[in-house]
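Chain residues, written in single-letter form:
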Amino acid sequence: MGEKISNNLLSIFILLFLILGGCLSSNQKAYKITEKADTSNISNDSIQEREAQNVDLNRSIIGLEKVQGSQFNEVLNGSVFDLKAAPVFLPLSSGSIRAYAYNTQIPGPIIKVKQGSTIYVNFTNNLDAPTTVHWHGIRLENKYDGVPDITQAAVAPGESFLYKLDFPDEGFYWYHPHIREDIQQELGLYGSIMVEPRNSTYYNIVDEEKIIILDDILLDSKDVYPFKKNSTNFAIMGRFGNTYLINGKINYSLNVKKGEVIRFFILNTANVRPFNLSFENISLKIIGSDSGKYEKEFFADSIIINPSERYIFEVLFNKSGELAIFNINPKEKNVLGKINVQDGFGEVDQLTFSKLRENKDISQSILPYIQYFNKTPDFNYTLDIEIPGSIPLDDITRSLLDKSEDGIEWTDAMPGMNKFSSSDRLTWLIKDNNTKQINMNASRYVPTSKVIKVKIYNDDQNSIHPMQHVIHIHGTRFLVLKNNDQINQNLVWKDSLLIPSGGSVELLLDFPNEGEWMMHCHIAEHLESGMMTSFKVSK
């Protein structure tokens, strides 16, 4: 009875907060330019609460190595790369904290390989907790996918595991844990992988290539805000950070020359935060996303990049001076870093840069799938949340909710409530509309290489807390055929995508390799709150 009353109160408090204006509507432009998010609802917790909640009670930095920046590693076909996860100390503006790193680097080592190559990664776990490495977006053998209790046993502290990685596709990928992502990824365990295309003319000619990895971290006055040991806090909305990072740094700065064309590879590793990335007064030439190029290049003033997504764009810096790197959304305008454009010249002709390519090679790769574009969906899913004992929403209450027009929660509108929501009190759901099963009970069988269509609807009509989800499917790449029943006219191979509240998508995909492949929300706290199912693939 007490738990039911408590959950009812939780539902009521959430609704009251939203009704009483806890969320700004998306057409309100009352943002301010900041370099940090508001911490007023986070930093008042007692030391006793910290010690009670934190999964790693040893927060000492004594004896730890200082974190380094990412180092570039070109790994040849057939060779072995050593990767170690271990605690480090990370200097921040408020002091140094105990963090996690691969090879003492945050972000982890940049691994560059050639398309079609196979490499081996000898991974050693020197953390104080079990972990694995998931090779995000890579179509590899299932036993090396890094999912604990599904594709491998967790790697215990002090133990090692040898991963074999095949790279059939060009593109920009990454690696991270698949155990307690809400903790381990938040503390710094993530790194990028660049797969160089076989075709040397695959990309446009540029002066230089740069990687930008976006992240945030939630700090209080002393340390990272504490985690829960046996469940996940911030389970409703996810752990929004209050300190923004680019390539692991608070005050990121990049020097370029006037006239240069730079190709940027962008990755969002935040637990939940979406970024709307822009460079001050500069147009972005959007080239590609997760697994390579778009069919058609296009210009944009900004690009929305969600947790686990990647984008590739090119920029011509035609004026000297200092440019801000912005994250701008309906709630706020944040400065993430700066670009110093110095006098000089680039080698790429500006007229050439202004031309937009149509990539016939990408259209050719899609050609075998066109015959399936209009097929009936093989699988239908709905995304929702379950809070036991919660009250259903009536039409009047629902009409009072202040919804974002774009279906995206850009910031934590209710941090005081969100931090006390826990995965042991609620479950985020992937519901199979055909079998009526949820999450791992909704696993379905699929033949190897069979082309399937998946439709997913993010329920905003019946959900106690509608919000966006970022769906990632392991072991495959997919085409987004439709967004909200609108046909997509410019396709690109993806492995992760945002589904806004109230939105729906239709995906076309196949699985080249046998095994059990996960489909889950890549908001870390939602994944840890149950939001995962699978496809069991066999011949």
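Above this text sits the structure in question.
A few points on the structure. (Residues numbered from 1 in each chain as written. Predicted model: local features only at pLDDT ≥ 70, side-chain atom pairs only at ≥ 80, totals over all residues. Heavy atoms only, no water.)

1. Quick notes on empty space enclosed by the protein
1) Next: With the rule as written, the count across this model stands at 2 cavities of 30 Å³ or more.
2) Next: When its volume is computed, the largest cavity comes out at roughly 40 Å³.
3) Next: Every residue lining the largest cavity is listed: Leu90, Ile106, Glu186, Leu187, Gly188, Tyr190, Asp215, Ile217 and Leu245.
4) Next: Computed from the structure, the second largest cavity encloses a volume of approximately 30 Å³.
5) Next: In this structure, the second largest cavity is lined by Gly137, Ile138, Arg139, Phe167, Pro168, Asp169 and Tyr173.
6) Next: The residue inventory of the lining of the second largest cavity, partitioned by class, reads 4 nonpolar, 1 polar and 2 charged. (1 Å grid on protein atoms, 1.4 Å probe; cavity = no way out; pocket = protein on both sides within 12 Å on 5 of 7 lines; lining within 4 Å. Points joined across faces, edges and corners; volume = space filled by probe spheres on them. Nonpolar A, V, L, I, M, F, W, Y, C, P; charged D, E, K, R; others polar.)

2. Comments concerning the layout of surface pockets
1) Next: Considering only enclosed or pocket space, the second largest pocket measures out at about 500 Å³ in volume.
2) Next: Forming the boundary of the second largest pocket are 18 residues, of which Ile304, Glu309, Tyr311, Asn483 and Leu498 lie nearest the centre.
3) Next: Contributing elements (two or more residues each) for the lining of the second largest pocket: strand S17 (292–300), strand S18 (303–305), strand S27 (478–483) and strand S29 (496–499).
4) Next: Residues that form the lining of the second largest pocket fall into these classes: 11 nonpolar, 4 polar and 3 charged. (Helix = DSSP H or I, 4+ residues; strand = E, 2+ residues; numbered from the N terminus.)

3. A few points about the pattern of salt bridges
1) Next: This structure, assessed with the given rule, holds 26 salt bridges.
2) Next: A salt bridge links Asp290 to Lys494, with the shortest nitrogen-to-oxygen separation between them at 3.4 Å. In this pair, Asp290 is assigned in the loop between strand S16 (284–289) and S17 and Lys494 in the loop between strand S28 (486–487) and S29, connecting sequence segments 204 residues apart.
3) Next: Owing to a relative accessible area of 0%, Asp290 belongs among the buried residues under this scheme.
4) Next: Look at Lys494 and you get buried, because its relative accessible area is 5%.
5) Next: Residues joined by salt bridges that share partners form a network here, namely Asp290, Glu309, Arg310, Lys494 and Asp495. (Salt bridge = Lys/Arg side-chain N within 4 Å of Asp/Glu carboxyl O. Buried < 20%, exposed > 50% of the residue type's maximum accessible area, 1.4 Å probe, protein only.)

4. Re the sheet that holds S29
1) Next: Spatially, the 5 strands line up as an open sheet ordered S24-S32-S31-S26-S29, and their pairing is mixed. This sheet does not close on itself; its edge strands, each paired only once, are strand S24 (444–447) and S29. Neighbour-to-neighbour, the strand axes of the sheet open up by a mean angle of 25°, direction not taken into account.
2) Next: One ladder, built from 4 bridges, connects S24 with strand S32 (residues 532–538); its direction is parallel. The residue bridging Tyr445 from the neighbouring strand is Lys536, located in S32. (Pairing = 2+ DSSP bridges. Axes fitted to C-alpha atoms, helices over the stretch in contact; angles between N-to-C directions.)

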